[in-house]
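Given next are the chains, with one letter for each unit.
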Amino acid sequence: MSHTLGIRQAQKQKTRQALLDAALGLLAEQSLSSLGLREVTRAVGVAPTAFYRHFRSIPDLGIALVEEALGSLHPMIRTTVTSADNSEERIERAIELIAGHVDAYPAHVRFIARERHGGVQPVRDAIRDQLARFAEEVKDELAKDRESAGWSEDDLLMLAHLYVDQMLITASLFLEAMEGTEEDQERVAQIASRQMRLISIGRRHWLD
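Description of the structure in this document. Fair warning: this is a prediction, and the values are worked out from it, not measured in the lab.

Reading the values: the criteria
- Residues numbered from 1 in each chain as written.
- Predicted model: local features only at pLDDT ≥ 70, side-chain atom pairs only at ≥ 80, totals over all residues.
- Heavy atoms only, no water.
- Salt bridge = Lys/Arg side-chain N within 4 Å of Asp/Glu carboxyl O.
- Helix = DSSP H or I, 4+ residues; strand = E, 2+ residues; numbered from the N terminus.
- Buried < 20%, exposed > 50% of the residue type's maximum accessible area, 1.4 Å probe, protein only.
- Patch = residues over 30% accessible without salt bridge, like charges linked within 9 Å, V, L, I, M, F, W, Y side chains within 5 Å.
- Areas by Shrake-Rupley, 256 points an atom, 1.4 Å probe, with all protein chains shown as cover.
- Contact = heavy atoms within 4.5 Å.
- Core = buried A, V, L, I, M, F, W, Y, C linked by side-chain atoms within 4.5 Å.
- Phe/Tyr/Trp six-rings, centres within 6.5 Å; stacked < 30°, edge-to-face > 60°.

### Some thoughts on the pattern of salt bridges
On inspection of all chains with the given rule, the structure shows 13 salt bridges. Aspartate 184 is the salt-bridge partner of arginine 187, the closest N and O atoms lying 2.9 Å from each other. Of the two residues, arginine 187 and aspartate 184 are both situated in helix 10 (residues 182-204); the distance of 3 residues between them amounts to about one turn of the helix. With a relative accessible area of 43%, arginine 187 lands in the partly exposed category. A relative accessible area of 25% places aspartate 184 in the partly exposed class. Several salt bridges converge on common partners, so that one network encompasses Arg90, Asp145, Glu147 and Arg203.

Given below as structure tokens:
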């Protein structure tokens, strides 16, 4: 009996993932607000009623995509700001990690970039909540630096949001550059490096 239940659970999870993957593929050419339930189920080859065994609605599916796209990134985000020998090393590591993630998961990056300010409120809220978690985690890592001595919690959180926003901007720029040449991607890396360096310089002099 338990074996049969295990098979059913595995099949259910497989169908759920297929719905997520199909939706993500369809969202390459449209926004979530225009995505239809029947489009998604047709792409998977299941009846529309099967959708409701996994998600309450398209917005609910969108929230699941947010978790899939951002939920696993928390260790990476923390790694970009953990203590390094110097700020240049930290910046270089951050850009390499972002570029690698965009190369591996372009559809997820595109989805977040589009839906962060899209027309589906619950999905916007889910993205905002995930980014707020990132900022809190980055703040906690920044607080460990000697350069953070004397900083208030509010100022550290403000700095953390700057870093998180810059990472998102850089990811979006790398996504656009993927359609161009290697020179385009190198240009994005150079611009991102200068922008993060500017944040680092401002940080060093904030308490002056």
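Having seen it, we continue.
### Examining a nonpolar patch on the surface
On the surface, Met158, Trp206 and Leu207 cluster together to form a nonpolar patch covering roughly 310 Å² of accessible area. One can find leucine 207 in the segment after helix 10. Among the residues examined, leucine 207 registers a relative accessible area of 49% and is labelled partly exposed.

### So, the side chain of glutamine 130
With respect to the secondary-structure elements, glutamine 130 resides in helix 8 (residues 121-142). Glutamine 130 gets classed as buried once you look at its relative accessible area, which sits at 6%. Excluding residues that lie within four positions of it along the chain, glutamine 130 makes contacts with Val66, Glu67, Leu70, Gly71 and His74.

### So, the nonpolar core
Core analysis: the largest hydrophobic core is formed by 55 residues, its most contacted members being Leu65, Val66 and Phe111. Looking at which element gives the most residues to this core, the answer is helix 9 (residues 153-177), with 11 residues. Among residues more than four places away in sequence, those in contact with phenylalanine 111 are Leu24, Leu27, Gly62, Leu65, Val66 and Val123.

### A look at the packing of aromatic side chains
Under the counting rule described, the total for this entry stands at 3 aromatic pairs. Summarising the aromatic geometry, the rings of phenylalanine 51 and tyrosine 52 are spaced 5.7 Å apart at their centres and angled 85° between planes, so their arrangement reads as edge-to-face. The class for tyrosine 52 is exposed, based on a relative accessible area of 51%.

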